[in-house]
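Residue strings, one per chain:
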Amino acid sequence: MTDILKQIEDKDPGEKEFHQAVQEVIETVQPVLDRNPQYRQDAVLERITEPERAIMFRVPWMDDQGQVHVNRGFRIEMNSAIGPYKGGLRFHPSVNLSILKFLAFEQVFKNALTTLAMGGGKGGSDFDPKGKSDNEVMRFCQSFMSELFRHIGPNTDVPAGDIGVGAREIGYLFGMYKKLRNEFTGVLTGKSLGWGGSLIRPEATGYGSVYFAAEMLATQNETLEGKTCLVSGSGNVAQHTLEKIIELGGKVVTLSDSSGYIYDEEGIDTDKLVFVKRLKNIKRGRISEYIDKYSEVVYTEADTSLAYNPQWNHKADCAFPSATENEINAKNAANLMKNGVRLVCEGANMPCTPEAINIFLDKKIQYAPGKASNAGGVAVSGLEMAQNSMRLSWTAEEVDRRLKMIMKSIHQTCLDAASEYGEPGNYMAGANIAGFTKVVNAMLDQGLV
Ligand code: NDP
Ligand code: 2IT
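These lines cover the structure that appears in this document, whether it is placed above or below. For clarity, every value in this text was computed on a predicted model and none was experimentally measured. Every chain is numbered independently, its residues counted from 1 as its sequence is written. The lettering of chains begins at A and the numbering of ligands begins at 1, in the order of writing. In view of the model being predicted, local features appear only for residues whose pLDDT reaches at least 70, and side-chain atom pairs are presented and counted only at 80 or more, with totals across whole chains, interfaces and linings using the full set of residues. Side-chain numbers come from the whole structure's heavy atoms, not from hydrogens or water.

1. Quick look at the overall build of the protein chain
Piece 1. Under the DSSP-based scheme used, a helix requires at least four consecutive residues in state H or I and a strand at least two consecutive residues in state E, with every element numbered from the N terminus. Assigned secondary structure in the protein chain consists of 17 helices and 12 strands.
Piece 2. Throughout, radius of gyration means the C-alpha value; the globule benchmark is 2.2 Å times the number of residues raised to the power 0.38. Expected size for 449 residues packed as a compact globule is a radius of gyration near 22 Å; at 21 Å, the protein chain falls within 12% of this value.
Piece 3. On the principal axes, the C-alpha backbone points of the protein chain span a range of 60 × 60 × 45 Å.
Piece 4. Of all 449 residues assigned to the protein chain, the portion counted as buried reaches 55%.
Piece 5. Residue contacts follow a heavy-atom distance rule, with two residues in contact if any of their heavy atoms lie within 4.5 Å. Within the protein chain, residue pairs in contact and separated by at least 24 positions form 70% of the contacts whose partners lie at least 6 positions apart.
Piece 6. For the protein chain, the accessible area works out to roughly 18,500 Å², and carbon and sulfur atoms hold 50% of it.
Piece 7. Within this scheme the basic residues Lys and Arg register as positive and the acidic residues Asp and Glu register as negative, but His and the chain ends are omitted. All charge positions are set by atom: Lys at NZ, Arg at CZ, Asp at CG, Glu at CD. Looking at charge distribution, the protein chain has the averaged site of its 49 positive side-chain charges lying 3 Å from that of its 57 negative ones. Exposure is judged per residue with a 1.4 Å probe applied to protein chains only, and the accessible area is read against the type maximum: over 50% gives exposed, under 20% gives buried, and values in between give partly exposed. Where accessible areas are quoted, they stem from the Shrake-Rupley method and a 1.4 Å probe; at the residue level, only the protein chains shown are allowed to cover.

See below:
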């Protein structure tokens, strides 16, 4: 283990997800440090792994019965070397400092890869929106923003959505920010279309992930046409990944949520996707309800006592993990290999464990790390900021064209950096090296701040 990683682990021993994300980057950027000896003198690793600011606050709110609850709110402002802090808010009971520091750390490199001027941040709360009424969610968002507003701003820190934070939550958060500041600005992205949102922002992460996969396949003269794909999750990223795969002629046979997964051997087509969108986004139901309509489909309940997740044990060509961190462990990775999967494209952040990634790299299959392949979401957030600044909006075709161009550029940047450092085809090494180099050089240009 490198000294710096040991120092980080000793300083905050409980933060295992953060350590996992840091370890991957530190290991892959060693050749960059060897080539640039002043980086060590300037302690760039020590600086880049320490948040510029970490804010933690109490969020009291009242449920519909008059009972008061208290949740914890966070915003990690990780790095502002290349632009205002930018990154989503996650509302999920698992949220803690470690998870948000890992997400903020990943976001710094991801945002650097997009070619847009955005630093990295992440925030959220251990609040669980599941089962809450709209009014309860609104009261929570208002309380959360009544503290967060003093730390953010369109040129300072621009939050967006992530797990558990979609258009509804962004609306309530924006309303409260506007009231407290008495100004209408692009302080959040993922806004609704009628009041400053960008076309294609809801679709961007999933579409971008599939564009990235298509670029990877193109290096082998292949396409998604006729490929069978496993997709996990059934939220924002999963739905739009599925939508784009269908459009490009692929077949998706799985979707999941935290309760279980469906296996639809025939493929989830456009009509079924409409059903899933209604089920998840309007009814806020469970993926198990898919079989109430499509009875020939197999639903398997999640079983955490198993060493592997059967969702990853089906014949397929490609896998798009799009739910949450560490959903593919070594056993799942081995099952993917056994079932013929030759491309893994991360829609979620850090969905594959280090052991799983090692299996992909050893077997030389195509593996895209989330900080490259899921960057389409934040990239279109950057385009939303640009449109807000200009006070005009681009057409869907225009935003989609730019998204495609950005994903193509990220893909090429990863390949170029990987080749330059003797790791041809290693997208993980390429993404880390390219993102790291850009951010570190900006930090050094700006002196010791
Ligand atoms: P949503 O809240 O829309 O959907 C999340 C999906 O993942 C749901 O199906 C949810 O199931 C499932 N899920 C969440 N947590 C767990 C868990 N602990 N175990 C099993 N399943 C879980 O979120 P998004 O689709 O926006 O986010 C999915 C992933 O993509 C996350 O890793 C996020 O960080 C990443 N991402 C999102 C971007 C965006 O623009 N939204 C951009 C880049 C990355 P359930 O309903 O049961 O909780
Ligand atoms: O992980 C991510 O990149 C996001 N949740 C999107 C962040 C954003 O600012 O759009």
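There's plenty left to go through after this.
2. Quick word on helix 8 (residues 201-218)
Piece 1. Between its terminal C-alpha atoms helix 8 stretches 25 Å, which fits the 26 Å expected from 18 residues at 1.5 Å a residue.
Piece 2. Among the 18 residues that make up helix 8, 13 are buried, leaving the element largely enclosed by the rest of the structure. By this rule the span expected of a helix is its residue count minus one, scaled by 1.5 Å.

3. Let's talk about the sheet that holds strand 10 (residues 318-320)
Piece 1. Spatial ordering of the open sheet is given by 9-8-7-6-10-11-12, a layout of seven strands whose pairing is mixed. Looking at the sheet topology across the chains shown, the edges are occupied by strand 9 (298-301) and strand 12 (366-368). Within this sheet the neighbouring strands show an average axis-to-axis angle of 15°, counted without direction.
Piece 2. Summarising the sheet, strand 8 (residues 260-263) and strand 9 pair through four bridges and their orientation is antiparallel. By the bridge assignment for strand 9, G260 is matched with E301. Pairing between strands requires that DSSP locate at least two bridges from one strand to the other. Here an axis means a line fitted to C-alpha atoms, over the contact stretch when the element is a helix, while the angle between two N-to-C directions is reported on a 0 to 180 degree scale.

4. Observations concerning the side chain of T205
Piece 1. Within the fold, T205 resides in helix 8.
Piece 2. On the accessibility criterion, T205 (9% relative accessible area) is buried.
Piece 3. Dropping the residues within four chain positions of it, T205 is found in contact with N236, V237, G347, N374, G376 and G377.

5. Here we look at the site of ligand 2
Piece 1. Surrounding ligand 2, one finds 14 residues, the nearest of these being K86, K110, K122, R201 and S381.
Piece 2. Here an oxygen atom of ligand 2 and a side-chain polar atom of K122 are 2.9 Å apart.
Piece 3. Taken together, the elements giving at least two residues each to the shell around ligand 2 come down to strand 3 (85-91), helix 5 (97-113) and helix 15 (376-390).
Piece 4. Broken down by class, the residue content of the shell around ligand 2 amounts to two nonpolar, seven polar and five charged. Whether a residue is near a molecule or strand depends on its heavy atoms: if one lies within 4 Å, it is near. Definition of a polar contact: a pair of N or O atoms within 3.5 Å, with one able to donate and the other able to accept a hydrogen when the atoms are protein atoms, and with sequence-neighbouring residues admitted only if both atoms are side-chain atoms. Amino acids are sorted into nonpolar (Ala, Val, Leu, Ile, Met, Phe, Trp, Tyr, Cys and Pro), charged (Asp, Glu, Lys and Arg) and polar (every other residue, Gly among them).

6. Quick word on the site of ligand 1
Piece 1. Around ligand 1 lies a shell of 25 residues, among which D162, T205, S258, R286 and N349 are the nearest.
Piece 2. With respect to ligand 1, the side chain of R90 contributes an N or O atom lying 3.0 Å from an oxygen atom.
Piece 3. Here S258 contributes a side-chain N or O atom positioned 2.4 Å from an oxygen atom of ligand 1.
Piece 4. Counting only elements with at least two residues in the shell around ligand 1, the list comes to helix 8, helix 9 (236-247) and strand 7 (251-257).
Piece 5. Counted by class, the shell around ligand 1 contains four nonpolar, 14 polar and seven charged residues.

7. Quick notes on the packing of aromatic side chains
Within a pair of aromatic rings, the relevant descriptors are the distance that separates the centres and the angle that separates the planes.
Piece 1. Stacked, tilted and edge-to-face are the three classes applied to pairs of Phe, Tyr and Trp rings, where Trp contributes its six-membered ring and a pair requires centres within 6.5 Å; stacked means planes under 30 degrees apart, edge-to-face means over 60, and tilted covers the rest. Evaluated as defined, the whole model comprises 19 aromatic pairs.
Piece 2. Seen from their ring centres, W61 and F127 are 5.2 Å apart, and the 90° between their planes marks the pair as edge-to-face. Placement of W61 in strand 1 (residues 53-62) and of F127 in the loop between strand 4 (120-125) and helix 6 (134-148) is noted, with a sequence separation of 66 residues between them.
Piece 3. Seen in terms of ring centroids, F174 and F184 are 5.0 Å apart; in terms of plane orientation they differ by 70°. Their pairing is edge-to-face. Of this pair, F174 sits in helix 7 (residues 167-181) while F184 is found in the loop between helix 7 and helix 8, placing the two residues 10 residues apart along the sequence.
Piece 4. In textbook terms, an aromatic cluster arises when at least three aromatic residues are bridged by ring pairs, as seen for F57, W61, F91, F127, F140 and F144.

8. A few points about the packing of helix 12 (residues 330-338) against helix 13 (residues 354-362)
Piece 1. Contact pair helix 12 / helix 13: the axes reach a minimum separation of 7 Å and the direction vectors enclose 25°. Comparing their axes, helix 13 and helix 12 come out roughly parallel. Handedness of the helix 12/helix 13 crossing: right-handed. When helix 12 is examined against helix 13, the residues A330, A333, A334, L336 and M337 are found in contact with a partner set consisting of E355, A356, I359 and F360.
Piece 2. Here the residues of the contact of helix 12 with helix 13 are counted per class, giving eight nonpolar, no polar and one charged. Here the word oblique covers every angle except those under 35 degrees (roughly parallel), over 145 (roughly antiparallel) and from 65 to 115 (roughly perpendicular). Helix crossings get a hand from a simple test, with the near helix turned counterclockwise from the far one by less than a right angle marking a left-handed crossing and a clockwise turn marking a right-handed one.

9. So, the side chain of T49
Piece 1. Inspection of the secondary structure assignment puts T49 in the loop between helix 4 (44-48) and strand 1.
Piece 2. What makes T49 buried here is its relative accessible area of 5%.
Piece 3. Within polar-contact distance, the side chain of T49 engages the backbone oxygen of L45 at 2.7 Å.
Piece 4. Those residues in contact with T49, other than ones at most four positions away along the chain, are I4, I8, F18, V22, M78 and F105.

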